[in-house]
Amino acid sequence: MAEFTLHDLQCFDAVVRTGGFQPAAATLHRSHPAVFAAVAKLERQLGLVLLDRSGYRVRPTEAGLSFHRRAHQLLRELEGLHVHAAQLSMGEESEIHVVIGDLCPRPQVLGMLGRFFAQCPGTRLHLHFEAVGGPWERLFDGEADLILHWVDKGDARVEWVDLCKVPFIPVVAPGFLPERIEQPITLGGMHAFTQCVMRDTARHSPRRDYFMVEGAPQCMVADQGMKKEIILQGLGWGHLPRFLIEEELRDGRLHSIAGPHMPGRTDELVVARRRDRPHGPIANRLWDHIQQEAPALRRALEPKTPAS
């Protein structure tokens, strides 16, 4: 079997990903004949038919799908090697991208980042604020070195460090609900009342809905701070992180409506990054710094008094 080249693999991968030779050529900034010839040569060298060309769009054969899975892994490893070599050649990274999700207690998290980057004057911090599925999407689009949010811990592509638990409590302002509302309150019983919900900032991933009452009137907001104000003003109800509303629960400006049918939810705030990409020295030091600060973050978020 003759040796195939990196160029051959890149052309085949682009055809599978884009669904045709012309879009693959445009993606690779090569000519259509060059891409077509590279894939044909690869097939001859392997003795396999990798693409089904009988339809309007080319499709990988069964053998082509299997081969592409391995080839794609190899190409991703190569991409990571290029990134690693670039980081080694330039020393410390000139910039780091961090995404803060809507679960984060911002004063504590921003303080933690501020203390670290005060010691790294040569590295520019790019901060992004995303909600719901937005942080996760940024991580896998290659637009974030790390995120502070929740993660799917079953995804082998990520590694994470637990920072703290974030309880979410369903709350209303005094007088928002009629006195005779059926107890204990159910999600169905809240159908007639405006629900304040977070807007998912993910751009192309499937939308994720949490605590949603299907068919209820909604008020969409961009962040937890605006959501809290909407609820405080009696314009809606919703779930808020406990760290954001402890004072209001104590002084009665907000009432918890948690119960057996609406227990709320506890999410785990983590710092996460991809396992399948190399990380430079600053990113690794930041990772270690956040792990070291995690106990202090947990202590800062412990409830001062029992929420009522």
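From a predicted model like this one, the values you see are computed outputs, not experimental measurements. (Residues numbered from 1 in each chain as written. Predicted model: local features only at pLDDT ≥ 70, side-chain atom pairs only at ≥ 80, totals over all residues. Heavy atoms only, no water.)

Enquirer: Honestly, the pattern of salt bridges in this entry has me stumped. Any pointers?
Expert: If charged atoms from side chains of opposite charge come close, those side chains can pair. Evaluation of the coordinates by the stated rule reveals 22 salt bridges. A salt bridge links Glu268 to Lys165, with the nearest nitrogen and oxygen atoms 3.1 Å apart. Of this pair, Glu268 sits in strand E11 (residues 265-274) while Lys165 sits in strand E6 (residues 158-172), placing them 103 residues apart in sequence. Given a relative accessible area of 55%, Lys165 falls into the exposed group. One salt bridge connects Arg265 with Asp267, and the closest N-O pair in it is separated by 2.6 Å. Each of Glu130, Glu137, Arg138, Asp141, Glu143 and Arg203 takes part in a single network of salt bridges with overlapping partners. (Salt bridge = Lys/Arg side-chain N within 4 Å of Asp/Glu carboxyl O. Helix = DSSP H or I, 4+ residues; strand = E, 2+ residues; numbered from the N terminus. Buried < 20%, exposed > 50% of the residue type's maximum accessible area, 1.4 Å probe, protein only.)

Enquirer: Would you mind going over the side chain of Arg138 with me for this structure?
Expert: In this fold, Arg138 is placed in helix H6 (residues 134-140). Classification of Arg138 by relative accessible area gives buried; the value is 17%. Engagement of the side chain of Arg138 in a polar contact is seen with the side chain of Glu130, the distance being 2.8 Å. Apart from the residues lying within four places of it in its own chain, the contact partners of Arg138 are Val99, His128, Glu130, Glu143, Ala144 and Arg203. (Polar contact = N/O pair within 3.5 Å; in protein donor to acceptor, adjacent residues only side chain to side chain. Contact = heavy atoms within 4.5 Å.)

Enquirer: Can you help me understand the packing of aromatic side chains in this one?
Expert: Ring pairs (aromatic) are described by centroid distance and by the angle formed between their planes. Under the defined criterion, the tally for this structure stands at seven aromatic pairs. Centroid distance Phe116 to Phe117: 5.0 Å. Interplanar angle 85°. Geometry classified as edge-to-face. Take Phe116 and Phe117: they sit in the same class, and that class is buried. Aromatic side chains Phe176 and Phe193 sit 5.9 Å apart centroid to centroid with 50° between the ring planes, which places their arrangement in the tilted category. (Phe/Tyr/Trp six-rings, centres within 6.5 Å; stacked < 30°, edge-to-face > 60°.)

By themselves, these are just geometric observations and shouldn't be taken as functional.
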